Amino acid sequence: MMTETGGTGQTAGVEQVDVVIVGGGPAGLAAAASAREAGCESILILERDAELGGILNQCIHNGFGLHRFKEELTGPEYADRFARKVRELGIPYRLNTMVMDISRDRIVTAMNREDGMFQVKAGAVVLAMGCRERPRGALNIPGYRPAGIFTAGTAQRLVNIEGYMPGREVVILGSGDIGLIMARRMTLEGAKVKVVAELMPYSGGLKRNIVQCLDDYGIPLKLSHTVVDVEGKERVSAVTIAEVGPDRRPVPGTEERYTCDTLLLSCGLIPENELSRACGVEISPITNGPVVNESLETSIPGVFACGNVLHVHDLVDFVSEEAEGAGRRAADFVQGRLATGGGARIALRATNGVRYTVPSSVDPERMGDALTVRFRVGAVYENAYVSVYLGKDRVQHRKRPMLAPGEMEQVVLRRKDIEACGGLDVITLAIERD
C-alpha cells in the first residue's frame, strides 16, 4: 500500500526520491517528519509491517512520552502522534514492503504485492529498521525443544494484539525491559510468574520497571542465575535454574526447580543490520549497529542511521530525538547544506567503564554549537563520576549516584570548547571514582 500524496519521480523504471526512510517505526516516522520540515519535499517511507508504528503498536503499557510530551502515553498513542504528523505532512509510505537491498550508490531495491520488485534511487537513505530479540538458539540452553518457549516480545504480541495467552505458569529468563513488563502483563492476565532469572549480577532493565513490574507484584528476581535444564517433550513442564559464579558457569548444588508450562526469554536485543552489512556499512562490534559520525552518517556517504538499528535505546523519547537529527542531516546532505568538513575528524574514545559512544567521531565544522553523545556503561557504579577529557584536559566531571548498563547516559560537547583546544585528536569518556 502507498499513500498517494506525490513527492516521488520516476526515470527509466527507477523512482527518484530525495530521502528514503527504511522502517516506519518511531525512528523512521520522526526522521521523515524532520526531513520534510528541513525542506525535503520528496520523501518515501518503506515499512514491512501492515501499519505504521513499529513495535510500539504492541506496547500497550504506559510510560512513553514523559520526556517528549511531558505526559504518560501508551506505545500506540506515542506512535500515533508521529504517524498522524507524517500523514498531515503528506509524506508517502508503502506498507507490507520488504527492502531487499541497498547499494553503495543508494539504490534501494524493495518488493510488495502491489508493485512487485521495484527500485528507488535515493539522494539519501535513513536506516531505521529497529532491533530484534536475541533468539533461544543463541543462548545454548540445555534440554529438549518443547512448545511453551517464547521470546518476551512474541508473548507480548500474542497477548496484546492476537489475544492469546502463551501459558499460565511462567518462568522468565533475562531481566530486560520487555521481560520485566511481560512479568507484570502475564500476572494481570491471571498467570503465575514464579521467578525472573538474570545471568548478570545486575538487571538489564530500567529501575522503574523492576519496581513497578516485579516488586509491586511480589515476583522474585534472582541475579547471577541462569536456566540449566528445560523439562518436557511436547510442552514445557519444568525449568531448573542455578546460580552462576564470576565465570558465569553454574555452581553445583544451587539448582532450583520450578514447575511451569511457559519459559519466556528476555535476553537482549540486537539491531537489525543485515541490510546495513550487505550495503557495506561499517558495524561496531560493541553495539552491533553502524559506526556513525556527528551527523549520524555511516561509513557510506549519504546513508544515515538512527534509533534501535544504531544502538539499543532505553526510552523511545530519545529514539525520536535522535531520529529527528538524522532526518535533518539527511535533508542537509541532499540539499548540499552538510559541510564537507576540513578533515579534522576527532575520535571519541570510550574507556574505563564506558562501553561505547554514539557518535564515534566528530568533526567540529559539522557538529553545530553542541553535540549530544550517548553511551552505556559496562557495570553498576555507585557515586561515580562521568568525566570528559579533551586531549589530556578534563573538561567535565559530573557525579552520578547510580550508573547501570540498563540505562543510557549522555554528555553534551560544546564546539567552542573543542575549537579552543586546537589540534585535538581524541575526546575521551570515562567513569571515575573521584
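Our structure is the block above this text.
What this report covers is the structure whose coordinates are included nearby. (Residues numbered from 1 in each chain as written. Predicted model: local features only at pLDDT ≥ 70, side-chain atom pairs only at ≥ 80, totals over all residues. Heavy atoms only, no water.)

The helix and strand inventory of the chain stands at eight helices and 26 strands. Relative to the globule expectation of 22 Å for 434 residues, the C-alpha radius of gyration of the chain, 23 Å, shows essentially globular dimensions. Along the first, second and third principal axes, the C-alpha atoms of the chain reach 65 × 60 × 40 Å. Burial status across the chain gives 54% buried among its 434 residues. Within the chain, residue pairs in contact and separated by at least 24 positions form 63% of the contacts whose partners lie at least 6 positions apart. (Helix = DSSP H or I, 4+ residues; strand = E, 2+ residues; numbered from the N terminus. Rg over C-alpha atoms; globule rule 2.2 N^0.38 Å. Buried < 20%, exposed > 50% of the residue type's maximum accessible area, 1.4 Å probe, protein only. Contact = heavy atoms within 4.5 Å.)

Attention shifts here to the sheet that holds strand 22 (residues 370–377). One open sheet accounts for three strands, arranged 20-22-25; its pairing is antiparallel. Edge positions in the open sheet fall to strand 20 (354–358) and strand 25 (409–414), since each of these has one partner strand only. When strand polarity is set aside, the average angle formed by the axes of neighbouring strands in this sheet is 30°. In this sheet, strand 25 lies alongside strand 22 in antiparallel orientation, the contact comprising six bridges. Residue pairing for strand 25: Thr-372 is matched across the bridge by Val-412. (Pairing = 2+ DSSP bridges. Axes fitted to C-alpha atoms, helices over the stretch in contact; angles between N-to-C directions.)

Here the focus is the side chain of Thr-428. Take Thr-428: it is sitting in strand 26 (residues 426–432). A residue is classified by how much of its surface remains accessible, and Thr-428, at 4% relative accessible area, is buried. A polar atom in the side chain of Thr-428 sits 3.0 Å from the side chain of Arg-349. Ignoring sequence-local partners within four residues, the contact set of Thr-428 consists of Arg-349, Thr-351, Ser-387, Val-388 and Tyr-389. (Polar contact = N/O pair within 3.5 Å; in protein donor to acceptor, adjacent residues only side chain to side chain.)

Within the secondary structure, His-225 sits in strand 13 (residues 225–231). The contacts of His-225, once residues within four sequence positions are left out, are Ala-197, Glu-198, Leu-199, Ile-241, Ala-242, Glu-243, Val-244 and Glu-256.

What follows is about the state of the cysteines. What the rule picks out here adds up to zero disulfides. Among the cysteines around Cys-267, which has no disulfide bond, Cys-131 carries the closest sulfur, lying 14 Å off. (Disulfide = S-S within 2.5 Å.)

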